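Single-letter residue listing:
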Amino acid sequence: MKENGYRTRCPTVADQRDDTVTAAEHTQDHAPPRRRDDTPGASALYLLVSIVALLVLARIHLAPHVTHAGLQAWSTIFVAICVQALPFLVFGVLLSAAIATFVPAETWTRLLPRRAAAAVPVAGAAGAVLPGCECASVPVAGSLMARGVAPAAALTFLLAAPAINPIVLVATAVAFPRQPEMVAARFGASLAVAVLVGWIWAWFGKGAWIRIPERPDHDGSKWEAFRQAMRHDLMHAGGFLVVGGAAAATINTVVPPSWLTGLGGIGWASVLTLAFLAVLMSLCSEADAFVAASLTAFSPTAKLTFLVVGPMVDLKLIAMQTGIFGRAFVMRFVPLTFVLAVAVSALVGGLFL
Amino acid sequence: MTRATQNVVMVLLGGAVLWITLVTGEAINYVKPGFRPLLVAAGVVLVVLGAVGVRREWHDDRGGTEAGHAGHHHGHGGPRVAWLLCLPVFALFALAPPELGVYTAERSDPRIATVPPPLDDSYALPEGGPDPLPMSIPEFMGRSFEAQIGGQATLTGRRLELTGFVTTGEDGRWYLNRLQLNCCAADASTLRVTVFGVPKPPKGQWVDVVGVWRPAGTPDGTGVYEFQAESATKTGKPDNPYA
């Protein structure tokens, strides 16, 4: 009786599932009970064993023949980006899954002002306190939205957290040892862009543009929900991280560096070059200051643009945001952020550097 | 991608990370050595998460919770893009990416100055000590840069030993190189010293070069670092190939 009532009220999940099962699975469902070996767990184990066997064979028979220097450099850089980003991704996803599962939804709505316009600067300031890298900030912002935080405020947090957190500012100070104004300019310009984007989104943004991630339903303990949330986010963000890593590795090994540096001498061109370079290189915000410092052919304003744009807009972030918030969101959010980031950096750089 | 497969991918990924950090140490080719504890922790989290998932869902895989996930373009099970997570694992084992070397060093534009890393406070070289004094290429460049912009010339009159790999320069010159990681191998920059006085060893060869600092006479420090060598001896690749 109770079960029937549940079914009539909430038929979608079960029905969709029925719709999507393939013919083969139908046959299985009606077949006699499966043997123990046929359980998903067992087939997963078979899959694992066969992949590992394949990898061992590839290592013995394929690896010694891969000697092309360019391909080797590409694969080193590709693997390096994935390996470097993975712990940040894992712990970012861990943090976001923990927020989603263990922090009561009302905490966020209590901490942040109710009006989106007022919540945006508070979220920006929160980004200055909480260490978080860009890979992590995307799922964290997603889970904030899922917990009822205004999208504009969550987006401000997404932009601010990787750009102006204490770790990044310390890294910038180390990379520009005699230029404390670079640290101040980075902080000011990044916070301004994050808050401006938040306000613009609060005033002009439409709810339909953004796909607010839903937590998968869970029946069971909080730990089980935590585990499912983590698996879900890792699979989404991780796949796109690989796309970004491959793209950055390709640019690093295929594009002649003289193309990139040849523009360094021209004022506005060098700002735009480094803005696009920041997008293409997809560096961690913890690391980008050291790269910016080594681009000596470029003006301080251009370097500032590199530091402001990089943590907010890059290939890896675009890919991850597409995975979590949808394409309609990325088509609007990315150009807005990019234009504002370049404009604010040029202004701040022109005034103070 | 079914939930069971996703769990397998997590075990695979975590296992690969533990393999390159704890078993082979290949991680040194990709990231800085200090990053290792974080990698191990992430690998353990992935393996545990995947293994718990495989165990819990041994009999029960309804295609993942995403089936009822409104608005997601991926249908049954997990996202298709998650399969890409196998790619770095495959690259790691099938291509066995080596440390970056000659290819990267030759790609970097020789006209672009590399800002030497900042020196620590202990500025003056220790009196006495070994002769020649082993010195890292970043330190050599830092001290050379300092002298060229008008600071203390701390290298004058000291025999030094630098270690790096060989690339060919213009006009029959050759360079002693070391790649420096800022964060990981993706942003490696080339630290390069022009060596005079000894014939060029084969390209890509790791060598110990003994000699003295040679002031390049460029007061603006445009990334010209020169070394007057008396000998260049072949050596093996150091444990950490990067500066």
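Residues numbered from 1 in each chain as written. Chains lettered and ligands numbered in written order. Predicted model: local features only at pLDDT ≥ 70, side-chain atom pairs only at ≥ 80, totals over all residues.

Caption draft 1: Structural detail: the overall build of chain B. In terms of helices and strands, chain B carries five helices and six strands. Each helix (α) and strand (β) of chain B, taken in turn from the N terminus, gives the series α-α-α-α-β-α-β-β-β-β-β. Buried positions account for 45% of the 243 residues belonging to chain B. Contacts in chain B between residues at least 24 apart in sequence constitute 70% of all its contacts with a sequence separation of at least 6. (Helix = DSSP H or I, 4+ residues; strand = E, 2+ residues; numbered from the N terminus. Buried ≥ 20, exposed ≤ 12 C-beta atoms within 10 Å, placed from the backbone. Contact = placed C-beta atoms within 7 Å.)

Caption draft 2: Focus on the overall build of chain A. The secondary structure content of chain A amounts to 18 helices and zero strands. Split into buried and exposed, the 353 residues of chain A put 50% on the buried side. For chain A, the proportion of contacts with a sequence separation of at least 24, taken over those separated by at least 6, is 85%.

Caption draft 3: Layout of helix α7 (residues 116-129) of chain A. Residue and element names in this part refer to chain A. An ideal rise of 1.5 Å per residue puts 20 Å on 14 residues; α7 measures up with 20 Å between its terminal C-alpha atoms. Turning to α7, its buried residues are Ala116, Ala119, Val120, Ala123, Gly124 and Gly127. For α7, the buried positions fall inside an angular range of 145 degrees around the axis, keeping them on one side. Buried residues belonging to α7 abut α9 (151-164) and α11 (180-204). (Expected span 1.5 Å × (residues − 1). Arc of directions from axis to C-beta.)

Caption draft 4: Focus on the nonpolar core. Residue and element names in this part refer to chain A. Counting 171 residues, the largest nonpolar core has Ala153, Ala154 and Val193 as the members making the most contacts within it. Sort the elements by how many residues they give to this core and helix α5 (residues 69-102) lands first, with 17 residues. Once residues lying within four places of it in the same chain are set aside, the contact partners of alanine 154 are Ala123, Ala141, Leu144, Met145 and Val149. (Core = buried A, V, L, I, M, F, W, Y, C linked by C-beta atoms within 7 Å.)

Caption draft 5: Layout of unusual backbone geometry. All names here are of chain B. Note the cis peptide between aspartate 131 and proline 132, where omega equals 0 degrees. Within the element layout of this structure, proline 132 appears in the loop between α4 (102-107) and β1 (133-134). The residue alanine 96 is not glycine, and still its phi comes out positive at about 45 degrees. Residue placement: alanine 96 occurs in the loop between α3 (86-95) and α4. On the basis of neighbour counts, which here come to 20 C-beta atoms within 10 Å, the residue alanine 96 falls in the buried class.

Caption draft 6: Up close: the pairing of strand β5 (residues 206-214) of chain B. All names here are of chain B. Two strands pair when backbone bridges link them, and strand β2 (residues 160-168) and β5 are joined in this way by six bridges, in the antiparallel orientation. Residue pairing across strands places threonine 163 opposite aspartate 208, the latter belonging to β5. With eight bridges connecting them, β5 and strand β6 (residues 226-234) associate as antiparallel partners. Within the sheet, the bridge partner assigned to valine 207 lies in β6 and is lysine 234. (Pairing = 2+ DSSP bridges.)

Caption draft 7: Up close: the environment of arginine 115 of chain A. For arginine 115 of chain A, the location among the structural elements is in the loop between α6 (105-111) and α7. Note: C-alpha distance between arginine 115 of chain A and alanine 153 of chain A (38 residues apart in sequence) is 9.7 Å.

Caption draft 8: Expanded view of the packing of helix α12 (residues 222-254) of chain A against helix α2 (residues 36-56) of chain B. Following both chains from N to C, one finds α12 of chain A and α2 of chain B inclined at 115 degrees, their axes separated by 11 Å at the closest point. Note on packing geometry: the crossing formed by α12 of chain A with α2 of chain B is left-handed. Of the residues in α2 of chain B, those touching α12 of chain A at Arg227, Met230 and Arg231 of chain A are Leu49, Val52 and Gly53 of chain B. Here the residues of the contact of α12 of chain A with α2 of chain B are counted per class, giving three nonpolar, one polar and two charged. (Axes fitted to C-alpha atoms, helices over the stretch in contact; angles between N-to-C directions. Left-handed = near helix turned anticlockwise from the far one by under 90°. Nonpolar A, V, L, I, M, F, W, Y, C, P; charged D, E, K, R; others polar.)

Limitation: the analysis is restricted to geometry and does not speak to function.
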